[in-house]
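Chains, contacts and geometry: an overview
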Amino acid sequence: MEKSTFYQLSPSNKAGGFVGIGELTIGTICHTLHIPLSGFWLSLHQIFWMSWASGMEKRVTSFQISSITALMKVFAPMGKRLSPVFAILMQGFLYALGPLIFGHNAFGWIIGSILASLWSFIQPILIGSIIFGSSLFQGFSFLETWLQKQSFAISLYTIIACFVVLKLILAISLCLLALKISKSRLKQWEKFIVSTLKIAPKRRPSKSFWRGLIKDLLSPWFLLSLILSIIALTIQSQELVTITISLMRIMIIALIVFSLLRLINPQDIVNRLSRLPSLKEPLTHIFSFLQEKGIK
C-alpha cells in the first residue's frame with residue numbers, strides 16, 4: 001500500500017483521520033502533562049476539520065468524521081476512553097444539526113460549530129448534576145453571593161460567560177477559516193499534525209481500576225464540586241446527621257458513575273462501528289498510514 005493512500009481519501013475520511021491523529025498525539029500529551037481544558041482545545045480542532053470537510057463535500061460529514069475519530073481515540077495510549085468518545089460523537093451529532101436545519105451553506109456550518117462547541121460545557125454539567133444534584137448549583141450560588149459581599153470585582157457568572165463567548169468566537173472563526181483556507185496553508189497544518197506522531201507517547205500498561213477510581217475522586221473538578229456541595233448542605237441544614245447522609249449519597253453516586261465510566265469498554269462501540277463499510281475501508285487506510293509512521 002502506497003504511503004500517499006491516506007491523502008487520497010475523501011475529505012470527510014481524511015478529516016476524521018487528522019482529528020483522530022490529534023487525539024492520539026496532542027490529546028495524549030496534554031493528558032500526560034495534566035494540561036487543563038485540553039478537551040476545550042481538541043473540540044475546536046474537530047470543529048475545524050468538520051467545517052472543512054463540509055465545505056468540500058457540501059453534505060453532512062460530521063457523523064463520518066466523529067465516528068472515525070472516536071474509533072481512533074479508543075487506541076490512545078493514555079487517558080480516559082469512554083467520556084471523550086461520547087463527547088466526540090455528541091459534537092459530531094450537534095454539528096450536523098446546523099446544516100440539516102439551515103442547509104449546506106456557511107450559515108448552517110457556523111450554527112453547527114456553535115452547537116458543537118457548547119458540548120464541552122454541557123457534558124461536565126450533566127455529570128455534575130447526576131452526582132451532586134441541586135447542592136452543586138446552590139453551593140455555586142452561595143460562593144457567588146459571598147464573593148460579591150467581599151467586593152470581588154468580577155462575577156463568577158461573568159467569568160463563565162466569557163469562557164463560553166470566547167469558545168464560540170473561536171469556533172466561528174475556525175469554521176470560517178476552514179471554509180476559506182488555501183491548499184498551501186492546509187498542507188502546512190496537515191504536515192504539523194502528522195509531525196506530532198514523532199513525539200506520540202507509547203502505550204503504557206493500563207492503570208488498575210482502583211487506582212484510576214481514586215484519581216477520579218481526587219481530580220480538581222470533583223474536589224471543587226464536593227466543597228461547593230458541602231457549603232450548600234451546611235447552609236441548608238445544621239444537623240450533622242442530615243449532612244452526613246447527603247454526603248454519603250453523593251459519594252456513592254460518584255463511585256457508581258466513575259466506576260461505570262471505567263468499566264464500560266468503549267471497544268464494544270469500536271467493534272460495532274468498525275463493521276460499517278463506510279468506516280471499515282477508510283480506517284484500514286488510516287491505520288496503515290499510522291503503521292508506516294511507526295505507530296502501532
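Right above here is the structure, for reference.
Attention in this report is confined to the structure presented alongside it. (Residues numbered from 1 in each chain as written. Predicted model: local features only at pLDDT ≥ 70, side-chain atom pairs only at ≥ 80, totals over all residues. Heavy atoms only, no water.)

Quick look at the packing of aromatic side chains
For the coordinates displayed, the defined rule picks out eleven aromatic pairs. Seen in terms of ring centroids, Phe-140 and Tyr-157 are 5.3 Å apart; in terms of plane orientation they differ by 75°. Their pairing is edge-to-face. Here Phe-140 is found in helix α6 (residues 134-149), whereas its partner Tyr-157 is found in helix α7 (residues 156-180), with 17 residues between them in sequence. Accessibility expressed as a relative area gives 46% for Tyr-157, which makes it partly exposed. Counting every residue linked through ring pairs, the aromatic cluster contains Phe-18, Phe-48, Trp-49 and Trp-52. (Phe/Tyr/Trp six-rings, centres within 6.5 Å; stacked < 30°, edge-to-face > 60°. Helix = DSSP H or I, 4+ residues; strand = E, 2+ residues; numbered from the N terminus. Buried < 20%, exposed > 50% of the residue type's maximum accessible area, 1.4 Å probe, protein only.)

What about unusual backbone geometry?
Phi angles above zero are rare outside glycine, and Lys-58 is one such case at about 55°. Here Lys-58 is to be found in the loop between α2 (38-57) and α3 (62-73).

Quick notes on the side chain of Thr-25
Position of Thr-25 among the secondary structure elements: in helix α1 (residues 11-32). Of note is the side chain of Thr-25, whose polar atom sits 2.7 Å from the backbone oxygen of Ile-21. (Polar contact = N/O pair within 3.5 Å; in protein donor to acceptor, adjacent residues only side chain to side chain.)

What about a nonpolar patch on the surface?
A contiguous nonpolar surface patch, about 640 Å² in accessible area, is contributed by Leu-37, Trp-41, Phe-152, Ile-154, Ile-159, Phe-163 and Leu-166. Of the residues forming the nonpolar patch, the biggest block, three residues, is contributed by α7. Looking at where Ile-159 falls in the secondary structure, it is placed in helix α7. (Patch = residues over 30% accessible without salt bridge, like charges linked within 9 Å, V, L, I, M, F, W, Y side chains within 5 Å. Areas by Shrake-Rupley, 256 points an atom, 1.4 Å probe, with all protein chains shown as cover. Salt bridge = Lys/Arg side-chain N within 4 Å of Asp/Glu carboxyl O.)

Points about the nonpolar core
Considering soluble globular proteins, one finds that nonpolar side chains tend to be buried as a cluster. Of all hydrophobic cores here, the largest spans 36 residues; its most connected members are Ile-21, Trp-49, Trp-52, Met-72, Ile-286 and Leu-290. Contributing elements (two or more residues each) for this core: α1, α2, α3, α5 (106-132), α7, α8 (183-195) and α13 (277-292). With eight residues, α2 is the largest single contributor of residues to this core. The contact partners of Trp-52, leaving out residues within four places of it in the chain, are Pro-11, Lys-14, Ala-15, Ala-178, Ile-181 and Leu-186. Within the second largest apolar cluster, 14 residues are counted, among which are Leu-213, Leu-217, Leu-226 and Ala-254. (Core = buried A, V, L, I, M, F, W, Y, C linked by side-chain atoms within 4.5 Å. Contact = heavy atoms within 4.5 Å.)

With respect to the environment of Phe-163
For Phe-163, the position within the fold is in helix α7. Here the alpha-carbon distance between Phe-163 and Phe-121, two residues 42 residues apart in the chain, equals 9.6 Å. Not counting residues up to four positions away in its chain, the partners in contact with Phe-163 are Leu-37, Phe-40 and Phe-121.

A closer look at helix α10 (residues 220-236)
Here α10 is 17 residues long and its end C-alpha atoms lie 24 Å apart, about the 24 Å a rise of 1.5 Å per residue gives. The complete set of buried residues in α10 reads Phe-222, Ser-225, Leu-226, Leu-228, Ser-229, Ala-232 and Leu-233. Viewed along the axis of α10, the buried residues span an arc of 165°, placing them on a single side of the element. What points out from α10, more than 90 degrees from its buried face, is the exposed set Pro-220 and Leu-224. Among the structural elements, α5, α6, α9 (209-217) and α11 (240-263) are those in contact with the buried residues of α10. (Expected span 1.5 Å × (residues − 1). Arc of directions from axis to C-beta.)

Describing α6
Compared with the 22 Å implied by 1.5 Å per residue over 16 residues, the 23 Å span of α6 between its first and last C-alpha is a close match. Buried residues of α6: Ser-135, Leu-136, Gly-139, Glu-144 and Leu-147, and no others. Taken from the residues just after α6, Ser-151 is the one with a positive phi, measuring 60°.

What to know about the side chain of Gln-91
Here Gln-91 lies in helix α4 (residues 82-102). According to the relative accessible area criterion, Gln-91 is buried, its value standing at 6%. Once residues lying within four places of it in the same chain are set aside, the contact partners of Gln-91 are Ser-43, Gln-46, Met-50, Ala-116 and Trp-119.

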